[in-house]
Amino acid sequence: MKKVTVTTTDGKQYVLTFNRKTAAMFGDMGYRVGDITNDGKAFTAVPVFVWCALKANHPTIRKDKAEEVWDALSPKSKSKVLDALVDMYAATYTELMGSENDEDDEGNASVEFEE
C-alpha cells in the first residue's frame, strides 16, 4: 500500500493513505474524488479528504489537527500530496473490484445470470 509521510516542524510524523474504510468514509460524507478539483467544492472537500487519509493510520485524529498538518505544507508539497492521495484513493477502488484486464477470470465463487 502506498503512503505519504509528513513530518511537521516539531518532528511528529503523520502517515496518509487510504484503505477501504477511510475511502468509504469520504464517500459517506457526500464527497466524490472529483470534488477535489472542483473549485466550488474543493474548499470543503480537500480538508475532509486529507482527514480521511490521516484516519487510516491515526484513527483518533481530529479534523482540526488534520487541517494543521495540511496547512503546514508548502503549496508545492500540497499539490504533490494531493496527487498522491487521489492515486491512493483510486487504487483502493481497484483493489476492491480487481482489474478487468486480469487474464485470470477465476474466483472462489461462481456467478450465473438469468433473464
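Remember, it's a predicted structure, so these values are computed and weren't measured experimentally.

1. Quick look at the pattern of salt bridges
Step number 1: If you walk through the whole model with that rule in mind, you get three salt bridges.
Step number 2: Residue Asp35 is joined to Lys41 by a salt bridge in which the shortest nitrogen-to-oxygen separation is 3.8 Å.
Step number 3: We classify Asp35 as buried; its relative accessible area is 2%.
Step number 4: Judged by relative accessible area, which is 40%, Lys41 ranks as partly exposed.
Step number 5: A salt bridge links Glu68 to Lys65, with the shortest nitrogen-to-oxygen separation between them at 3.3 Å. In this pair, Glu68 and Lys65 both sit in helix α3 (residues 63-71), three residues apart, roughly one turn of the helix.
Step number 6: Accessibility expressed as a relative area gives 23% for Lys65, which makes it partly exposed.

2. Section: the pairing of strand β2 (residues 13-16)
Step number 1: One ladder, built from four bridges, connects strand β1 (residues 4-7) with β2; its direction is antiparallel. For Thr5, the partnering residue across the bridge sits in β2 and is Val15.

What counts as what
- Residues numbered from 1 in each chain as written.
- Predicted model: local features only at pLDDT ≥ 70, side-chain atom pairs only at ≥ 80, totals over all residues.
- Heavy atoms only, no water.
- Salt bridge = Lys/Arg side-chain N within 4 Å of Asp/Glu carboxyl O.
- Buried < 20%, exposed > 50% of the residue type's maximum accessible area, 1.4 Å probe, protein only.
- Helix = DSSP H or I, 4+ residues; strand = E, 2+ residues; numbered from the N terminus.
- Pairing = 2+ DSSP bridges.

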